[in-house]
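Residue-level structural notes
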Amino acid sequence: MNYKFYNEDCISGAQKHIEDNSIDLIITDPPYGIGGDKLHKHYNRNEDHVIDGYVEVAAAEYETFSEQWIHEASRILKPGGSIYIVSGYTNLFYILKALRQTQLKELNHIIWKYNFGVYTKTKYVSSHYHILYYIKPGAKHTFNTFCRHDALEKSGSGGSKNYEDREDVWAINKEYKPGQKKNKNELPKALLKKMIAYSSHPGNWVCDMFLGGFSTAKVALEMGRYATGFEISQNMFDHQIREMQKIKFRSLAEFSQRTNELRSNQGVPWTPQELFKLKNRFNTLYKKHGTKKKTIELLCEEFGRGRFGIVNALKKAGGKQ
Ligand SMILES: C[S@@+](CC[C@H](N)C(=O)[O-])C[C@H]1O[C@@H](n2cnc3c(N)ncnc32)[C@H](O)[C@@H]1O
C-alpha cells in the first residue's frame, strides 16, 4: 500500500501510528489560529464549494498546540529528513519558538508570494506566506539541486534558471477552481511539486500533519512518493478519501525519476579515446537532431556523464559546438 491516512488529531495520532525516524519529508500547513473557519470574511469569496468542517485552533491555545505537533513532527522525521511548514505571520512567532525547542535546523526561511491577497484600503495588501524549511540533523539531507533545471538552462532574461528556481522568494499563484469542491486553504500543486522534487526521492514517505484537501498527499503520490497524514475533520476526511481513488500513482512522470544521483561515469577522468569518440558522436547527433540542447542530452545518456562534463569535454576535444 502506498498511502495511509488517519481521521485523527495529528498529535495523538502520530504518537499512536508513526514510528520514530520513519518519515523522509513533512510538508504541512497548520491551521493559522486566526479564525480560519471564518476565512471567507477575509477573502470575500463565495463559500458554496468549500467543504464544511475546517477545524481551527483557538488563539489562546496556539503556542502549546504548535509545541506539541512540532515535537511530534521532529520525532517522526528521519535524520536527514526535511520539513516545510507554511505559516501566515500572525502566529509565526509561536511556530519559530516551537522549532527552536527541537533539534531541527533551519536551512531557509522562504517567502511565498501568492495572488488574491487579503484586500484592505488602509494598509498594504497581505500577499505572502512564510515557508520554514528545516532539516533533522544526523544524516545528509536530500536536496536534488538539478531536479527541475540543469546548470546550463537559461531563463528568458538570460540568467540561470536553476539559480532563479532556487531563490528563496517564490511567486506561485493559488489555483482558481470555479465550481469544484475544495478545502478552505488549499496549497497550489506547483508549490507542492517544487518542495517534493527538491527534498525527496521516489519511494520516500511524505507526511502532512494537517491534510485538509489532501493536496500534499495527492501530489506526492502522483510524483511516485508514498503518502501519510492526519485530518481531524470527519467531513473533510470522508470527502477526500473518496477523491483519492482518482489519483494515479506516478502520473507526474517528469518528476517520478529525476533525482540528484550521479550518472555512472560522472567524476571519472576522460581518456583520449573517449574524447575522440565524443567529438565524432557530437557531430553525428548534431547533424541528425539539429539542436545543441538535444545533442548534449543524448550524449549525457550515452556517456553516463553530466551536462557540465560533456560541455567541458567537448571544448577539450575541439568538437564543433
Ligand atoms: C490550513 S488547512 C490544510 C490545508 C491543506 N494543506 C490543503 O492544501 O488543503 C489545516 C487543516 O488542519 C485540520 N486540523 C485542525 N486541527 C487539526 C489537528 N489537531 N489534527 C489534524 N488536523 C487538524 C483542519 O481541519 C484543516 O483541514
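Sequence order as written defines residue numbering, which begins from 1 separately in each chain. Selection of residues for local features in this predicted model requires a pLDDT of at least 70, selection of side-chain atom pairs for listing and counting requires 80 or more, and totals for whole chains, interfaces and linings are taken over all residues.

**A look at the environment of His-17**
Put simply, the rule reads: The way it works is that DSSP assigns letters per residue, a run of H or I at least four long becomes a helix, a run of E at least two long becomes a strand, and they are numbered from the N terminus.
Mapped onto the elements, His-17 comes out in helix H1 (residues 10-17). Sequence separation between His-17 and Lys-4 is 13 residues; the distance between their C-alpha atoms is 9.8 Å.

**Comments concerning the sheet that holds strand S5 (residues 126-135)**
Applied cut-off: A pair of strands is labelled paired if DSSP reports no fewer than 2 bridges between them. Note on definitions: angles span 0 to 180 degrees between N-to-C directions of axes, and those axes are lines fitted to C-alpha atoms, for helices only across the stretch in contact. Contact criterion: two residues are in contact if their C-beta atoms, reconstructed from the backbone, are within 7 Å.
If you walk across this open sheet you meet the 8 strands as S1-S8-S7-S2-S3-S5-S4-S6, and the pairing is mixed. Edge strands, defined here as strands with exactly one partner in the open sheet, are strand S1 (3-6) and strand S6 (169-171). Each neighbouring strand pair of the sheet contributes to a mean axis angle of 20°, computed without reference to strand direction. As paired elements, strand S4 (residues 105-118) and S5 share 9 bridges and run antiparallel to each other. Within S5, the position partnered with Glu-106 by the bridge is Tyr-134. Its contacts with the sheet place helix H3 (residues 62-76) against strand S2 (23-28), strand S3 (77-87) and strand S7 (205-208), and it is angled at close to 145° to S3.

**Points about the site of the ligand**
Note the following rule: We call a residue near a molecule or strand if the C-beta atom, set from the backbone, is within 6 Å of it. Here the nonpolar group is Ala, Val, Leu, Ile, Met, Phe, Trp, Tyr, Cys and Pro; Asp, Glu, Lys and Arg are the charged ones; every other residue, Gly included, is treated as polar.
Taken together, the neighbourhood of the ligand is formed by 21 residues, with Asp-29, Phe-210, Gly-212, Gly-213 and Ser-215 sitting nearest. Counted by class, the shell around the ligand contains 10 nonpolar, 7 polar and 4 charged residues.

**Some thoughts on the packing of helix H10 (residues 272-289) against helix H12 (residues 307-317)**
The line we're drawing: Under this scheme an angle from 65 to 115 degrees is roughly perpendicular, one under 35 degrees roughly parallel, and one over 145 degrees roughly antiparallel; angles in between are oblique.
Orientation of H10 relative to H12, taken along the N-to-C sense of each, is 100°, at an axis distance of 9 Å. The orientation of H10 with respect to H12, classified from their angle, is roughly perpendicular. Contact residues: H10 offers Leu-275, Phe-276, Leu-278, Lys-279 and Phe-282, while H12 offers Ala-313, Leu-314, Lys-316 and Ala-317. Among the residues making up the contact of H10 with H12, the classes are represented as 7 nonpolar, no polar and 2 charged.

**Overview of the pairing of S5**
By the bridge criterion, 6 bridges tie S3 to S5 in an arrangement that is antiparallel. Across the sheet, Ile-83 pairs through a bridge with Tyr-134, a residue of S5.

**Section: H3**
Put simply, the rule is: One fewer than the residue count of a helix, multiplied by 1.5 Å, yields its expected span. Burial is judged by counting other C-beta atoms within 10 Å of a residue's own C-beta: 20 or more means buried, 12 or fewer means exposed, and anything between counts as partly exposed, with every C-beta placed from the backbone.
If you check H3, its first and last C-alpha atoms are 21 Å apart, about what 15 residues at 1.5 Å a residue would give, namely 21 Å. Inspection of H3 places Tyr-62, Ser-66, Trp-69, Ile-70, Glu-72, Ala-73, Ser-74 and Ile-76 among the buried residues, and these make up the whole buried set. The elements touched by buried residues of H3 are H1, S2, S3, helix H4 (92-100) and S7.

**Quick look at the confidence of the model for the protein**
Our working rule: Residue-level confidence of the predictor, termed pLDDT, takes values from 0 up to 100.
When pLDDT is averaged across the protein, the result is 88; 87% of the residues are at 70 or more. The model gives residues 40-45 a pLDDT under 50, and that stretch makes 6 contacts with residues more than four places away or in other chains.

**Quick look at helix H11 (residues 292-303)**
Operational definition: It is the directions from the helix axis to the C-beta atoms whose arc is reported.
When the terminal C-alpha atoms of H11 are compared, their 16 Å separation across 12 residues agrees well with the 16 Å that a helix rising 1.5 Å per residue should span. Listing the buried residues of H11 in full gives Thr-295, Ile-296, Leu-299, Cys-300 and Phe-303. Down the axis of H11, the smallest arc covering the buried residues is 140°, so these residues share one side. Those residues of H11 that are exposed and aimed more than 90 degrees away from the buried face are Lys-293 and Glu-301. A positive phi of about 60° marks Gly-304, the residue just after H11.

**Considering the environment of Tyr-84**
For Tyr-84, the position within the fold is in strand S3. If sequence neighbours within four positions are ignored, Tyr-84 has contacts with Ile-27, Ile-131, Tyr-133 and Met-195.

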